[in-house]
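Here is what each chain is made of, one letter per residue.
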Amino acid sequence: MKMDVAILGSGVMGESVIKHLRECPQVGRIVAYDIRKERLEEMKSQYNVDITSDLNQVFGDSTIRLVFVTSSNDSHKALTIAALEAGKAVMCEKPMATTLADAEEMVNVAERTKGFLQIGFELRYSKLYTKVKDWIDQGLLGEVVNIHCLYCSTAYPKDAWRNKLSAGDTFPERLSHYVDLTRWWIGSEVNEVYSACSPNIVPYTEVRDNYHTTYRFNSGAVSHISYYMNYPAMFRGDPLANNVADLQLGDGHKLRYIVVGTKGAAETDVFYRHIKRWQFSDSPEGMASDLVEDLTWDCKEGKTYYHNTHDQALDIVRRVAEGLPPKTSARDALQTMRLCFAAIESADEKRPVRI
Ligand SMILES: NC(=O)c1ccc[n+]([C@@H]2O[C@H](COP(=O)([O-])OP(=O)(O)OC[C@H]3O[C@@H](n4cnc5c(N)ncnc54)[C@H](O)[C@@H]3O)[C@@H](O)[C@H]2O)c1
């Protein structure tokens, strides 16, 4: 039997989820909700979805089994908790919430109600990053000891809600994906975080626009994220799609990982669309390293290689339809959020933070 699905927040992300849901054979009606009525009218005329600006119509409708919380960050907690209490399965976009206490409350409600709650860390579905995970799981890199992530993105437009402190800091909003990925790859928990930030470069942002953050893991591994806003050339388009069409190639956009293990290393580059693997060996002259895999992907496949919200949405629908748990538990996602808020605390207090 088909199930109906609601989208709570029908902006850019809500729209892309609607497109994905159209491909799901298990999905019947799609109901879009938003606080902006004119946006709902747009969704109705473009995608022929049902629309409502009354949340009670969503929560009181027993045919709606699953909701996607794709609204701005400040509303995630209230919408997620209300949906769980109404017995709906929930997919909530990252960042879970704007404070750690709110995120903890969401997980507690999910556990008390025995509800389904998955957080939108879709890089765990990305073909690019799953390839690195497969190499690690096959032992090809040995024990992962050191990870570096370099990320440069454009600034947000002046009127964006993401610039405001009410959206939460840049770290959970922009960098939580990259902390989650590192935890997934290393497979160990973090015990210490240190962040250093310079004064902002983008004058109108209330949130920070740069971070150098280092994590120390129980396994002994360390990881580092360097993030700069506003260094690449400004291109006003869909940030998830432009790299697919090569529009941001070579203009300063960077999203690059270097993953170093005891037996080999890997490198991924989203904008130059490459993934490479090196294998270490002993030789009479010293330790040798050989490039053994050098892969690329077609720009048309960019969305599944990088932010794979497509496969994530289809997987969540399947899991809910079949009564399966989330791919990654909400409590696991909470640990990623804890590390994001610890990075902010460290930057604020200019000291390492123990986890
Ligand atoms: N996983 C990812 O890679 C990814 C990418 C983009 C956005 N996101 C997340 O998705 C969420 C939405 O981002 P976006 O880019 O679509 O933003 P957006 O500004 O395009 O859309 C947000 C929508 O939420 C609506 N809204 C605000 N408060 C609401 C409320 N209380 N109830 C219902 N609707 C409300 C707004 O009217 C707007 O239509 C954010 O949390 C963002 O961090 C995640």
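See the structure shown above.
Residues numbered from 1 in each chain as written. Predicted model: local features only at pLDDT ≥ 70, side-chain atom pairs only at ≥ 80, totals over all residues. Heavy atoms only, no water.

1. Things to note about the overall build of the protein
When its secondary structure is counted, the protein shows 10 helices and 15 strands. Radius of gyration (C-alpha) of the protein: 21 Å, near the 20 Å computed for a compact globule of 355 residues. Across the protein, every contact between residues at least 6 apart in sequence was considered, and the portion connecting residues at least 24 apart equals 67%. Of the accessible surface of the protein, which amounts to about 15,500 Å², a share of 51% is contributed by carbon and sulfur atoms. Taken as two groups, the 42 positive and 48 negative side-chain charges of the protein have centres that lie 2 Å from each other. (Helix = DSSP H or I, 4+ residues; strand = E, 2+ residues; numbered from the N terminus. Rg over C-alpha atoms; globule rule 2.2 N^0.38 Å. Contact = heavy atoms within 4.5 Å. Areas by Shrake-Rupley, 256 points an atom, 1.4 Å probe, with all protein chains shown as cover. Lys, Arg positive; Asp, Glu negative; His and termini not counted. Charge placed at Lys NZ, Arg CZ, Asp CG, Glu CD.)

2. Overview of the packing of helix α6 (residues 127-137) against helix α7 (residues 170-186)
Taken N-terminus to C-terminus, the directions of α6 and α7 make an angle of 25°; their axes are 9 Å apart at the nearest point. On the basis of the axis angle, α6 is roughly parallel to α7. Note that α6 runs across α7; the crossing there is right-handed. Between α6 and α7, the residues in contact are Tyr129, Thr130, Val132, Lys133 and Ile136 and Leu181, Trp184 and Trp185, respectively. For the contact of α6 with α7, the per-class residue count stands at six nonpolar, one polar and one charged. (Axes fitted to C-alpha atoms, helices over the stretch in contact; angles between N-to-C directions. Parallel < 35°, antiparallel > 145°, perpendicular 65-115°, else oblique. Left-handed = near helix turned anticlockwise from the far one by under 90°. Nonpolar A, V, L, I, M, F, W, Y, C, P; charged D, E, K, R; others polar.)

3. Observations regarding the sheet that holds strand β14 (residues 286-296)
The mixed open sheet is built from nine strands, whose spatial order is β14-β13-β12-β11-β7-β10-β9-β8-β15. Edge positions in the open sheet fall to β14 and β15 (353-354), since each of these has one partner strand only. Direction of pairing for strand β11 (residues 254-261) relative to strand β12 (residues 264-269): antiparallel, over a ladder of five bridges. Residue pairing in the sheet places Val259 in a bridge with Ala266 of β12. Those strands touched by α6 are β7 (144-153), β11, β12, β13 (274-283) and β14, and its axis lies near 20° from that of β13. (Pairing = 2+ DSSP bridges.)

4. Overview of the packing of α7 against helix α10 (residues 330-349)
As a packed pair, α7 and α10 sit with axes 9 Å apart at the nearest point and diverge in direction by 125°. The orientation of α7 relative to α10 falls into the category oblique. Read as a crossing pair, α7 and α10 show a hand that is right-handed. Where α7 abuts α10, its residues Phe171, Pro172, Ser176, Val179, Asp180 and Arg183 lie against Asp332, Gln335, Thr336, Met337, Leu339, Cys340, Phe341, Ala343 and Ile344. Residues that form the contact of α7 with α10 fall into these classes: nine nonpolar, three polar and three charged.

5. A word on the state of the cysteines
According to the stated counting rule, one finds zero disulfides in the structure shown. With no disulfide of its own, Cys24 has Cys92 as its nearest cysteine by sulfur position, at a separation of 19 Å. By relative accessible area, which is 5% here, Cys24 ends up buried. In this model Cys92 remains outside any disulfide bridge; the closest cysteine sulfur is found in Cys340, 14 Å from its own. (Disulfide = S-S within 2.5 Å. Buried < 20%, exposed > 50% of the residue type's maximum accessible area, 1.4 Å probe, protein only.)

6. Comments concerning the packing of aromatic side chains
What the rule picks out here adds up to seven aromatic pairs. Here the aromatic rings of Phe171 and Tyr211 are separated by 4.9 Å at their centres, their planes lie at 80°, and the arrangement is edge-to-face. On the criterion of sequence distance, the pair formed by Phe171 in helix α7 and Tyr211 in strand β9 (residues 210-217) is long-range, its members being 40 residues apart. Residue classification places Phe171 among the buried residues on the basis of a relative accessible area of 0%. For the pair Trp297 and Tyr305, a centre-to-centre distance of 4.7 Å together with 0° between the ring planes defines the contact as stacked. Here Trp297 and Tyr305 have matching classes, each one buried. Among the aromatic side chains, those forming a connected cluster through ring pairs are Tyr129, Trp185 and Tyr257. Here the guanidinium or amino end of Arg277 rests over the ring plane of Trp135, the centre of that ring lying 5.6 Å away. Above the ring of Tyr125, the side-chain terminus of Lys327 is found at 4.8 Å from the ring centroid. (Phe/Tyr/Trp six-rings, centres within 6.5 Å; stacked < 30°, edge-to-face > 60°. Lys NZ or Arg CZ within 6 Å of the ring centre and 35° of its normal.)

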